[in-house]
Amino acid sequence: MKINRYHLLLSFFITSFVIEFNVITFRTILENHHEHEPNLFGFPLICKTSVPWVNSMEQNVYLLGLFGNLIVGIVSFYLIIILLNKIEIPKMVRKISNFIIMTFGIISILSFLFGPFEDKCYNWNHPFDTKNSKKEIEFFSTSNEK
């Protein structure tokens, strides 16, 4: 099977939108949650903290979880795109959906790089023990404390 670069790009844009705007995510609440500790977000891996925490507008981004989520998302959406291509879809619908995906993808990448709402601090991995933490699945989460 030959890998189609265009489908790979589309799956990257979809994944970046899903990750940046928390379309589907796990909110991980630590077992002994104190007010000075953040909630953690990411699906399937933890890739960022809630905003704000520790009286700042800083959001920590964890690169290991971010790259893991990107890989899982790109592979998943690539397979979905391959399956959808086997279905006969009118050319105009396909062009409109590709334009929308590209637009959302570019917006999410620009938001991730130049987001005006918070400062981002990049770390390799989170320092929290999440073994006995509580996980809640959320759709279109705001990454804010509850």
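Calculation notes
- Residues numbered from 1 in each chain as written.
- Predicted model: local features only at pLDDT ≥ 70, side-chain atom pairs only at ≥ 80, totals over all residues.
- Heavy atoms only, no water.
- Helix = DSSP H or I, 4+ residues; strand = E, 2+ residues; numbered from the N terminus.
- Contact = heavy atoms within 4.5 Å.
- Axes fitted to C-alpha atoms, helices over the stretch in contact; angles between N-to-C directions.
- Parallel < 35°, antiparallel > 145°, perpendicular 65-115°, else oblique.
- Left-handed = near helix turned anticlockwise from the far one by under 90°.
- Nonpolar A, V, L, I, M, F, W, Y, C, P; charged D, E, K, R; others polar.
- Expected span 1.5 Å × (residues − 1).
- Buried < 20%, exposed > 50% of the residue type's maximum accessible area, 1.4 Å probe, protein only.
- Phe/Tyr/Trp six-rings, centres within 6.5 Å; stacked < 30°, edge-to-face > 60°.

A. A look at the environment of Ile-3. Of note, Ile-3 is situated in the segment before helix H1 (5-20). Spatially, the C-alpha atom of Ile-3 lies 9.9 Å from that of Ile-82, the residues being 79 residues apart in sequence. Here Ile-3 is in contact with Leu-8 and Tyr-78, once residues within four sequence places are set aside.

B. Representation of the packing of H1 against helix H3 (residues 91-114). Running from amino to carboxyl end, H1 crosses H3 at an angle of 50°, the nearest separation of the two axes being 8 Å. If you check the angle between H1 and H3, you find them oblique. For the pair H1 and H3, the crossing hand works out as left-handed. For the pair formed by H1 and H3, the contact residues are Tyr-6, Leu-9, Leu-10, Phe-12, Phe-13, Ile-14, Ser-16, Phe-17 and Glu-20 on the first element and Asn-98, Ile-101, Met-102, Phe-104, Gly-105, Ile-106, Ser-108, Ile-109, Ser-111 and Phe-112 on the second. Here the contact of H1 with H3 is composed, by residue class, of 13 nonpolar, five polar and one charged.

C. How the structure looks around H3. Between its terminal C-alpha atoms H3 stretches 34 Å, which fits the 34 Å expected from 24 residues at 1.5 Å a residue. Burial in H3 covers these residues: Asn-98, Met-102, Gly-105 and Ser-108. Tucked inside the fold, the buried residues of H3 contact H1.

D. Spotlight on the packing of aromatic side chains. In total, this model carries four aromatic pairs according to the counting rule given. Centre to centre, the rings of Phe-12 and Phe-13 are 5.9 Å apart; their planes meet at 45°, and the pair counts as tilted. On the basis of relative accessibility, which here comes to 10%, the residue Phe-13 falls in the buried class. Relative to Phe-104, the ring of Phe-17 has its centre 5.0 Å away and its plane inclined at 15°; by these criteria the two rings are stacked. With a gap of 87 residues between them, Phe-17 in helix H1 and Phe-104 in helix H3 connect regions that are remote in the sequence. Of the residues examined, Phe-104 reaches a relative accessible area of 40% and is grouped as partly exposed.

E. Local environment of the environment of Leu-66. Position of Leu-66 among the secondary structure elements: in helix H2 (residues 63-85). You can call Leu-66 buried: its relative accessible area is 10%. Measuring from C-alpha to C-alpha, the distance between Leu-66 and Phe-43 comes to 9.2 Å, with 23 residues separating the pair along the chain.

F. Region of interest: H2. Compared with the 33 Å implied by 1.5 Å per residue over 23 residues, the 32 Å span of H2 between its first and last C-alpha is a close match. Of all the residues in H2, the buried ones are Gly-65, Leu-66, Gly-68, Asn-69, Leu-70, Gly-73, Ile-74, Tyr-78 and Ile-81.

G. A look at the environment of Val-61. Position of Val-61 relative to the elements: it lies in strand E4 (residues 58-62). For the pair Val-61 and His-126, spaced 65 residues apart in sequence, the C-alpha to C-alpha distance is 8.6 Å. With residues up to four places along the chain from it excluded, the contact list for Val-61 reads Cys-47, Lys-48, Leu-66, Phe-112, Lys-120, Cys-121, Tyr-122 and Asn-123.

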